[in-house]
Amino acid sequence: MNHHEKIFSRATIQQICTFLLYGGEGCFDRTPCPYKQHKENAYEEMTAVLREKYPDEMELDKVVGAVGIYTGAIEEIYFEIGFRIGLQLAEELRDALLKEHLC
């Protein structure tokens with residue numbers, strides 16, 4: 001694989017997100033799967049750990065609800081960050097295309 005092919009192979013949404021979030025490659029080793037499945041797997045893992053500490057279903061629901069509030073806030077923050085980055089990248093692309101067209 002030549003240099004350019006390597007660049008294109010890394011030009012995936014997941015790789016870009018990894019770089020923006022962590023500053024490098026390979027920090028976010030997630031097997032590509034549908035979003036729904038990824039979310040369900042994470043939820044099952046979280047509730048399995050919490051169920052050990054909170055065997056009472058009402059207590060578990062209370063803790064899972066609090067985790068949901070926290071993750072909702074994080075989701076909103078990172079969605080906004082991603083949206084703003086997308087706009088910034090689109091502006092840079094527009095400027096580069098205009099500059100190339102005018103030169």
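Predicted model, so just to flag it, every value in this text is computed and none were measured. (Residues numbered from 1 in each chain as written. Predicted model: local features only at pLDDT ≥ 70, side-chain atom pairs only at ≥ 80, totals over all residues. Heavy atoms only, no water.)

**Some remarks on the overall build of the protein chain**
Moving on, step 1. Per the secondary structure count, the protein chain includes four helices and zero strands.
Moving on, step 2. Taken from the N to the C terminus, the helices and strands of the protein chain come in the order α-α-α-α.
Moving on, step 3. Counting only residues that meet the buried cut, the protein chain has 8% of its 103 residues in that class.
Moving on, step 4. Carbon and sulfur atoms make up 62% of the accessible area of the protein chain, which amounts to about 9300 Å² in all. (Helix = DSSP H or I, 4+ residues; strand = E, 2+ residues; numbered from the N terminus. Buried < 20%, exposed > 50% of the residue type's maximum accessible area, 1.4 Å probe, protein only. Areas by Shrake-Rupley, 256 points an atom, 1.4 Å probe, with all protein chains shown as cover.)

**Brief notes about the pattern of salt bridges**
Moving on, step 1. Applying the stated criterion to the full structure yields four salt bridges.
Moving on, step 2. As a salt-bridge pair, D95 and R94 come within 2.8 Å of each other at their nearest N and O atoms.
Moving on, step 3. You can call D95 partly exposed: its relative accessible area is 40%.
Moving on, step 4. Judged by relative accessible area, which is 46%, R94 ranks as partly exposed. (Salt bridge = Lys/Arg side-chain N within 4 Å of Asp/Glu carboxyl O.)

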